[in-house]
Amino acid sequence: VPIHHHPHHLTHTHIHTHTHSHHPASTSLHHHTQLQLQQQQQQQQQQVLSSQHIFRNAVLSAASKSVTPISLRTLFEFGKNTSPKTLVLASQFLHNELPIRLSHRIVELENLPFGLSEMPSVKTVHGLYVDSFRLIHEFPKIRSIEDDLKFTDVLDGIKTRHNWVVQQMAQGIRELKKKIGADILGPELQQFLDRFYLSRISIRMLIGQHLALHALTPEERRQAMQTSGFVGIITKDCRPTHVAEDASRHAKQLCDTNYGVAPKVKILGSLDTKFTYVPSHLYLMLFELIKNSMRATVETQRSQRLGVPQEEMSQHLQQMLLRGEKLPEWLYDDHEYPEINVIVANGQEDVTIKVSDKGGGIPRSALPVLWTYSYTTAKNNDAVTSSVNGPSGSGSSLFDPSPSRGQGNTDRIAGYGYGLPLSKLYARYFGGDLELKSLESWGTDAYLYIRRLADHEEDLP
Ligand code: ADP
Ligand code: MG
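### Here we look at the sheet that holds strand β6 (residues 350-357)
So, point 1. With mixed pairing, the five strands of this open sheet are ordered in space as β3-β5-β6-β8-β7. Each edge of the sheet is formed by a strand with only one pairing partner; in this case those strands are β3 (265-269) and β7 (433-439). Taken pair by pair, the neighbouring strands of this sheet meet at an average axis angle of 15°, ignoring direction.
So, point 2. Pairing of strand β5 (residues 340-346) with β6, which is carried by six bridges, proceeds in the antiparallel orientation. Bridging from a neighbouring strand, Ile-343 pairs with Lys-354 of β6.
So, point 3. Seen against the sheet, helix α11 (residues 279-306) touches β3, β5, β6, β7 and β8 (443-451) and runs at an angle of roughly 20° to β6.

Encoded structure:
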């Protein structure tokens, strides 16, 4: 009887009786090998289990360490005088630092409230973080220039594979909202997303800088520094005027695609301001703010002059067209829409950029909600926004400072509800901020504060 309690004995006796009673020799051999196979499998399973265990411990051990924040100035100064040899140091630093940053997110992604961790898209993101952690963790110690180059290739691959994480998380939030029937995120999830996206910005900043330094030869790096002030993706000559022009041009294209018209943008103030910053980050924030202002301007103006509520505008216009009525010419004349002003102020502490529109403003009570992820007043249905002239398909989006390819719809002027909260994170990342003031019925002013002295360390969760 006691034998039956022991699984190993059980299999043994079972096999013996079995072999004796039926086909003695051949099956005995067969069973013998089967037993070996089983043992092998068990061993393998144990090995897998223990390697999983070891890997898990590596994640947890990294997660127990704190991140090392870096200032923009440190990144800039380091990148100024790099040789292939000093770049090895950069790789060594990232080899150590990135697993820490990734592991914090891995652990957090496993412990989200309201069952968010269980949403399919969140699991996908988690898997991506685990894979990237593994790739870096299992990369051998970096000693030589060759190691540095190989490691940099690994980082390049990781950065690309994480391109769509913002959309994937956004999808996860949608999945959760659908499941629990909530409309606006509670503070817990909001804070989680702030931490998550901020950490993502920081990881991409570090990798992006590393890749940019590697993309040029030492001679090319010297030239870039001399001609445009660039060190990697940072420049000491970041000019808000130029960046605002670029952002306006792209926002205009988008607005045109969506509405058949785009308000003018005027840039005022200290036009020759320049300072040390990451222009791709500034572009991204200004692009989001100008898009918002354009949308508000066009929709408010049309709504007031036609006496039709904003939500019903596109339907109203489509019905007019269907009835064969001629649409008023002013609808598509940019002179008929109030200008958007971008004012650049060149302070000692901050460079402040105000994006000011006469787009009807926002009720004061609605202001706090604007900073919650995925809050939008744009209809999430594509017909509203991409019907007028069809998609144009160009440029980069807030989801990724590098030009976006393939996936994701970058043709829409609004609808994700990520423009404001993510822009604020980008601003805060190096010690700045973003605030909105509204004059209800009149317009909105967005104040973008950027730290002028780039000594501020990354503001990390
Ligand atoms: P999205 O543009 O995708 O809706 P955002 O985070 O950029 O997401 O903005 C959220 C909401 O804030 C918008 O849907 C809009 O209702 C409101 N909003 C933002 N900027 C302005 C503005 N300049 N004027 C009026 N409303 C605005
Ligand atoms: Mg927006």
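### Considering the environment of Lys-291
So, point 1. For Lys-291, the location among the structural elements is in helix α11.
So, point 2. Classification of Lys-291 as buried rests on a relative accessible area of 8%.
So, point 3. In this structure, the C-alpha to C-alpha distance between Lys-291 and Leu-434, residues 143 residues apart in sequence, is 15 Å.
So, point 4. Among residues more than four places away in sequence, those in contact with Lys-291 are Ala-251, Leu-254, Arg-412 and Ile-413.

### Thoughts on helix α14 (residues 419-429)
So, point 1. Most of α14 sits out of view: ten of its eleven residues are buried.
So, point 2. When α14 is considered as a whole, its buried residues turn out to be Gly-419, Leu-420, Pro-421, Leu-422, Ser-423, Lys-424, Leu-425, Tyr-426, Ala-427 and Tyr-429.
So, point 3. A positive backbone phi angle near 90° is found at Gly-431, which sits one or two residues after α14.

### A short note on the sheet that holds strand β2 (residues 234-238)
So, point 1. One open sheet accounts for three strands, arranged β1-β2-β4; its pairing is antiparallel. Of all strands in the sheet, those bounded by a partner on one side alone are β1 (230-231) and β4 (275-277).

### Considering the packing of helix α3 (residues 72-80) against helix α8 (residues 187-215)
So, point 1. Viewed as axis vectors pointing N to C, α3 and α8 meet at an angle of 15°, and their least axial separation amounts to 11 Å. As judged from the angle between their axes, α3 and α8 are roughly parallel. In this structure, α3 crosses over α8, and the sense of that crossing is right-handed. Contacts from Leu-72, Leu-75 and Gly-79 of α3 reach α8 at Met-205, Leu-206, Gln-209 and Leu-213.
So, point 2. Classifying every residue of the contact of α3 with α8 by side-chain character gives five nonpolar, two polar and no charged.

### Digging into helix α10 (residues 240-259)
So, point 1. Taking 1.5 Å per residue as the helical rise, α10 with its 20 residues ought to reach 28 Å, and the 27 Å between its terminal C-alpha atoms agrees with that figure.
So, point 2. Of the residues one or two after α10, Gly-260 is the one with positive phi, at around 80°.

### Considerations on the confidence of the model for the protein chain
So, point 1. Counting all residues, the mean pLDDT for the protein chain is 87, and 87% of those residues have values of 70 or more.
So, point 2. Contacts for the low-pLDDT stretch residues 381-409, under 50 throughout, to residues beyond four places or in other chains number 64 contacts.
So, point 3. Scored by ipTM, the complex comes to 0.99, with pTM at 0.85.

### A short note on the site of ligand 1
So, point 1. Of all residues adjacent to ligand 1, which total 20 residues, the nearest are Asp-357, Thr-376, Thr-377, Gly-415 and Gly-417.
So, point 2. Interatomic distance of 2.5 Å between a side-chain N/O atom of Thr-377 and an oxygen atom of ligand 1.
So, point 3. At 2.8 Å, a backbone N or O of Gly-417 approaches an oxygen atom of ligand 1.
So, point 4. Bound to the protein, ligand 1 loses 92% of the 530 Å² it would expose on its own.
So, point 5. Going through the elements one at a time, α11 and α14 are the ones with two or more residues in the shell around ligand 1.

### Side note on the pairing of β5
So, point 1. Note: β3 against β5, five bridges, orientation parallel. Considered in β5, the bridge of Leu-268 is made with Ile-343.
So, point 2. Counting the residues that bridge the hairpin from β5 to β6 gives three residues.

### Focus: the pattern of salt bridges
So, point 1. Scanning the model with the defined rule gives 22 salt bridges in all.
So, point 2. Taking the shortest distance from any N to any O, the salt bridge between Glu-110 and Arg-56 comes out at 2.8 Å. Remark: Arg-56 occurs in helix α2 (residues 24-63) and Glu-110 occurs in helix α4 (residues 84-110); sequence separation between them is 54 residues.
So, point 3. Look at Glu-110 and you get partly exposed, because its relative accessible area is 27%.
So, point 4. Since its relative accessible area comes to 32%, Arg-56 is described here as partly exposed.
So, point 5. Of the charged contacts in the structure, one is a salt bridge between Lys-424 and Asp-433, with a shortest N-O distance of 3.6 Å. Side by side, Lys-424 and Asp-433 carry an identical accessibility label, which is buried.
So, point 6. It is possible to trace a salt-bridge network through shared partners that takes in Glu-97, Arg-101 and Glu-458.

### Some remarks on the nonpolar core
So, point 1. Within the largest apolar cluster, 116 residues are counted, with the highest numbers of intra-cluster contacts made by Met-169, Tyr-197, Leu-282, Leu-286 and Leu-448.
So, point 2. No other element matches α8, which puts 13 residues into this core.
So, point 3. Residues contacting Leu-286, with those up to four places away along its chain left out, are Pro-240, Val-243, Ala-244, Ala-247, Ile-353, Val-355 and Leu-448.

Cut-offs applied
Residues numbered from 1 in each chain as written. Chains lettered and ligands numbered in written order. Predicted model: local features only at pLDDT ≥ 70, side-chain atom pairs only at ≥ 80, totals over all residues. Heavy atoms only, no water. Pairing = 2+ DSSP bridges. Helix = DSSP H or I, 4+ residues; strand = E, 2+ residues; numbered from the N terminus. Axes fitted to C-alpha atoms, helices over the stretch in contact; angles between N-to-C directions. Contact = heavy atoms within 4.5 Å. Buried < 20%, exposed > 50% of the residue type's maximum accessible area, 1.4 Å probe, protein only. Parallel < 35°, antiparallel > 145°, perpendicular 65-115°, else oblique. Left-handed = near helix turned anticlockwise from the far one by under 90°. Nonpolar A, V, L, I, M, F, W, Y, C, P; charged D, E, K, R; others polar. Expected span 1.5 Å × (residues − 1). pLDDT = per-residue confidence, 0-100. Near = heavy atom within 4 Å. Polar contact = N/O pair within 3.5 Å; in protein donor to acceptor, adjacent residues only side chain to side chain. Areas by Shrake-Rupley, 256 points an atom, 1.4 Å probe, with all protein chains shown as cover. Salt bridge = Lys/Arg side-chain N within 4 Å of Asp/Glu carboxyl O. Core = buried A, V, L, I, M, F, W, Y, C linked by side-chain atoms within 4.5 Å.

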